[in-house]
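If you want the building blocks of each chain, they are given just below.
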Amino acid sequence: PDPDWASYTLGVFICLSCSGIHRSVPQVSKVKSVRLDAWEDAQVEFMGSHGNDAARDVYESKVPAFYYRPTSSDCQLLREQWIRAKYERLEFTNPEKQEPYSAGYREGFLWKRGRDNGQFLSRKFVLTEREGSLKYFNRNDAKEPKAIMKIEHLNATFQPAKIGHPHGLQVTYLKDNSTRNIFVYHEDGKEIVDWFNALRAARFHYLQVAFPGASDADLVPKLSRNYLKEGYMEKTGPKQTEGFRKRWFTMDDRRLLYFKDPLDAFARGEVFIGSRESGYTVLDGLPPSTQGHHWPHGITIVTPERRFLLACETESEQRAWMEAFRKVVDRPMLPQEYAGECGRGGRG
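Only a predicted model underlies this, so the values are computations on that prediction, with no experimental measurement involved.

A. Layout of the sheet that holds strand β5 (residues 120-128). Strand order in the open sheet formed by seven strands is β7-β6-β5-β4-β10-β9-β8, and the pairing between neighbours is antiparallel. Where the open sheet ends on each side, the last strands, each with one partner, are β7 (147-150) and β8 (155-158). For this sheet, the mean angle separating the axes of adjacent strands, direction not counted, is 35 degrees. For strand β4 (residues 105-113) and strand β10 (residues 178-185), the ladder comprises two bridges, and the chain directions are antiparallel. By the bridge assignment, Lys112 is partnered in β10 with Val184. Packing against the sheet, helix α7 (residues 189-210) makes contact with β4, β5, β6 (133-137), β8, β9 (169-175) and β10, and its axis sits at approximately 120 degrees to β4.

Below is the structure:
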């Protein structure tokens, strides 16, 4: 939005946020304000004969279908590495430069947060597309992996604020039918974004085999997903007499997971949120009979089995959560989503 800046060496219009990234690669891109800076006639002519569409045709001519294209709402790291990959490293005009994420195999070291002590320690990770797995090892010479994460059930999303590192990546997978989180980063921005796109590539090729008739456009949205909303709310238990407890909530597609701490490995419970046609509703406020001290801005999620009572600290947070819930409830359920429909209460 608001492309009030321009790179007069590349011939593209850019927003204020991306203009700062372009300035960091001055050997490739030189930036001016469209409104505030003086423009030479030759520079204006250059912009007129180029433009964003023409640049896209050149610099994005060979972007792999699985490669994540950031939007204006994505974190700084993803936008910076997209700009550098496109204009500085010319990865999308030279497919051989895409080897780090397109080869189907990748190994290296990432800093991983310990499940119990919260310390980040260097761990060896191995991604094998042929085996359909991401593994990590506690020691470089370890024969057996500490964990095997199946590509089939894996998701990765950048979480710099939550993890406390600008390159922080959250990887989620299924372990014994429970959602398990691990949190990793790499000091080098290109390295961690290459890992992210390598995971997306592995998911893409897995889905191509699983759904042979599907188009790229059908598969790409399934490669990785950002969470619809995250943050603290209070909740009470199924009897609604246990008092309200503060929990960290994550809206992951149709699953509302809650954790004691944002960086917990396992959720304490989850709530499946189906569609309106299946008997799910989201109501503003709490029933008048609600007991116990709680934050002032309530939300009631009605499912076919029971009501879930939640409370937000501020009205703006309540509005944001209501909007996220209603988006999910208003969306018709897909046939495969019915498999996940069961009232998961959790442990409070």
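B. Looking closely at the packing of helix α1 (residues 16-23) against helix α4 (residues 76-88). Contact pair α1 / α4: the axes reach a minimum separation of 10 Å and the direction vectors enclose 55 degrees. The orientation of α1 with respect to α4, classified from their angle, is oblique. The hand of the α1/α4 crossing is right-handed. Note on element contacts: α4 touches α1 through Gln76, Arg79, Glu80, Ile83 and Tyr87, opposite Ser17, Cys18, Ile21 and His22. Looking at side-chain class alone, the contact of α1 with α4 contains four nonpolar, three polar and two charged residues.

C. Broad picture of the nonpolar core. If you look at the biggest cluster of nonpolar residues, it comprises 50 residues, and the most contacted ones within it are Phe125, Leu134, Met149 and Phe158. Examining the composition of this core, we find that ten residues originate from one element, α7, more than from any other. Built from parts of two domains, this core gets at least three residues from each of domain 1 (5-97) and domain 2 (101-215). Setting aside chain neighbours within four positions, we find Met149 in contact with Phe125, Gly132, Ser133, Leu134, Tyr136, Leu154, Val171, Tyr173 and Ile182. Counting 21 residues, the second-largest nonpolar core is a separate cluster that includes Met251, Phe272, Ile273 and Phe308.

D. Expanded view of the UniProt feature "domain: PH" (unreviewed entry) in the protein chain. UniProt records the feature "domain: PH" (unreviewed entry) for residues 103-204 and 226-330 in the present numbering. For residues 103-204, helix accounts for 20% and strand for 45%, while the C-alpha atoms at its two ends are 13 Å apart.

E. Expanded view of the sheet that holds strand β15 (residues 281-284). Read across the sheet, seven strands follow the order β14-β13-β12-β11-β17-β16-β15 without closing on themselves; strand pairing throughout is antiparallel. Looking along the sheet, the strands with just one partner apiece sit at the ends: β14 (269-272) and β15. Taken pair by pair, the neighbouring strands of this sheet meet at an average axis angle of 35 degrees, ignoring direction. As judged from the four bridges shared by β15 and strand β16 (residues 297-302), these two strands associate in the antiparallel manner. Bridge pairing in β16 links Asp284 to Ile299.

F. View of the pairing of β9. By the criterion of burial, β9 is predominantly enclosed, with five of the seven residues buried. By the bridge criterion, four bridges tie β8 to β9 in an arrangement that is antiparallel. Residue Asn155 lies in a different strand from β9, and its bridge partner there is Thr172. Inspection of the sheet shows β9 paired to β10 by seven bridges, in the antiparallel sense. By the bridge assignment for β10, Thr172 is matched with Asn181. Connecting β9 to the next strand, β10, in antiparallel fashion are two residues, including Asp176 with a positive phi near 50 degrees.

G. Quick look at the pairing of β6. With five of five residues buried, β6 is to be regarded as a mostly interior element. On β6, burial covers both faces: Ser133, Lys135 and Phe137 on one face and Leu134 and Tyr136 on the other are all buried. Two strands pair when backbone bridges link them, and β5 and β6 are joined in this way by five bridges, in the antiparallel orientation. Residue pairing for β6: Val126 is matched across the bridge by Lys135.

H. Quick peek at the UniProt feature "domain: Arf-GAP" (unreviewed entry) in the protein chain. The residues that UniProt annotates with the feature "domain: Arf-GAP" (unreviewed entry) are residues 1-100. The straight-line gap between the two end C-alpha atoms of residues 1-100 is 31 Å; of that span, 40% is helix and 9% is strand.

I. Examining the packing of α4 against α7 more closely. The geometry of α4 relative to α7 is characterised by a closest axis approach of 10 Å and an angle of 95 degrees between their N-to-C directions. Comparing their axes, α7 and α4 come out roughly perpendicular. Judged by residue contacts, Leu77, Leu78 and Gln81 of α4 engage Gly189, Lys190, Ile192, Val193 and Phe196 from α7. A class-by-class count of the residues in the contact of α4 with α7 yields five nonpolar, two polar and one charged.

What counts and what doesn't
- Residues numbered from 1 in each chain as written.
- Predicted model: local features only at pLDDT ≥ 70, side-chain atom pairs only at ≥ 80, totals over all residues.
- Heavy atoms only, no water.
- Pairing = 2+ DSSP bridges.
- Helix = DSSP H or I, 4+ residues; strand = E, 2+ residues; numbered from the N terminus.
- Axes fitted to C-alpha atoms, helices over the stretch in contact; angles between N-to-C directions.
- Contact = heavy atoms within 4.5 Å.
- Parallel < 35°, antiparallel > 145°, perpendicular 65-115°, else oblique.
- Left-handed = near helix turned anticlockwise from the far one by under 90°.
- Nonpolar A, V, L, I, M, F, W, Y, C, P; charged D, E, K, R; others polar.
- Core = buried A, V, L, I, M, F, W, Y, C linked by side-chain atoms within 4.5 Å.
- Buried < 20%, exposed > 50% of the residue type's maximum accessible area, 1.4 Å probe, protein only.
- Domains from an automatic or database assignment.
- UniProt positions renumbered as here; feature names shortened; annotations may be inferred.

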